[in-house]
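A look at the structure
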Amino acid sequence: MRQGIFLAAALGAFALATACSSPDVQQGAGGNGGNGGNGGNGGGGPAMSLLAAGVVSNDCAPNDGPWLVFTLGTASTCGETAGSEPQLHFAVYPGTTSMLTPGQSWTFNGAMPTNEVQAWWFADGVGGNTDVPKSASVEVVTVGADKAHVKYGFVTPNGTHYTGQMDVSICTTIPMCG
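The structure reproduced in this document is the subject of the present report. Computed from a predicted model, the values in this text were never measured in an experiment.

1. Here we look at the sheet that holds strand S6 (residues 135-143)
Read across the sheet, eight strands follow the order S4-S6-S7-S8-S1-S2-S3-S5 without closing on themselves; strand pairing throughout is mixed. Of all the strands in the sheet, just strand S4 (105-109) and strand S5 (117-122) have a single pairing partner and so form its edges. Direction aside, neighbouring strands of the sheet carry axes that sit 25° apart on average.

Shown next as structure tokens:
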């Protein structure tokens, strides 16, 4: 009898632990989610996704060194200014487009920012306000001659989760820094 009660209690605890260990946020499809990536629910449901387009380019860091910059969620192309769609800018120092390789990943922590990795959230595009996300990450999945496929994830200052995948144009122009 005691063994039966113990077994029932153990199975009940296992079922409860399994149910509680599922993720609160599900990964988005990487597309525009039917709404251009706007909105979000801050957790408890599917994560939002940005427009599935972007660019990765060479730029100058604040110290004038080489900076690799991902602009995720914009239909912009090389040499074109990012638009009014919600977007994440993610910068890696030192870095250049020539160093992109599959498997690379970077993480940003808004509570402990560093000079090596920085991120900015533009909820209303580059013409709107800029916020620093709570966290952000970018991973290079594949690299081709003029495109790279990346995975991203970030949490906005209000707690909205965004995740997805996209192809980004590789802009190889190297600016004059310094």
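What follows picks up the thread again.
2. Looking at unusual backbone geometry
In this structure, Pro94 follows Tyr93 across a cis peptide bond, with omega equal to -15°. Looking at the secondary structure, you find Pro94 in the loop between strand S3 (87-92) and S4. Not every positive phi belongs to a glycine, and Asp64 is a case in point at roughly 70°. Within the fold, Asp64 resides in the loop between strand S1 (54-60) and strand S2 (66-72).

3. Some details on the side chain of Ser76
Positionally, Ser76 belongs in the loop between S2 and S3. Looking at Ser76, the relative accessible area reads 8%, which means it is buried. At 2.9 Å, the side chain of Ser76 forms a polar contact with the side chain of Thr74. Not counting chain neighbours up to four residues away, the residues in contact with Ser76 comprise Val55, Thr81, Ala82 and Gly83.

4. Topic: the pairing of S6
Sheet topology note: the S4/S6 ladder contains five bridges and is antiparallel. Counted as the bridge partner of Trp106 is Val138 from S6. As paired strands, S6 and strand S7 (residues 147-155) are joined by eight bridges and run antiparallel to one another. Looking at S7, one finds that Ser137 is bridged to Gly153. Remark: three residues form the turn of the hairpin made by S6 and S7, two consecutive strands paired antiparallel.

Thresholds applied
The residue numbers shown here count from 1 along each chain, following its written sequence. Local features are withheld for residues below a pLDDT of 70 in this predicted model, meaning they are given only at 70 or higher, and side-chain atom pairs are given and counted only at 80 or more; totals for whole chains, interfaces and linings count all residues. Note that water and hydrogens are dropped before the side-chain values are worked out from all heavy atoms of the structure. Paired strands, in this sense, are two strands between which DSSP finds at least two bridges. Each helix corresponds to a stretch of at least 4 residues labelled H or I by DSSP, and each strand to a stretch of at least 2 residues labelled E; elements are numbered beginning at the N terminus. Interaxial angles span 0 to 180 degrees and are taken between N-to-C directions of axes, which are lines fitted to C-alpha atoms, for helices over the stretch in contact. For every residue, the accessible area (1.4 Å probe, protein chains only) is compared with the maximum for its type, and the residue is labelled buried under 20%, exposed over 50%, or partly exposed between those bounds. Throughout this description, a polar contact denotes any pair of N or O atoms lying within 3.5 Å of each other; where both atoms belong to protein, one of them has to be capable of donating a hydrogen while the other can accept it, and for residues adjacent in sequence the pair is counted only when both atoms sit in side chains. In this analysis, two residues are considered to be in contact whenever any of their non-hydrogen atoms come within 4.5 Å of each other.

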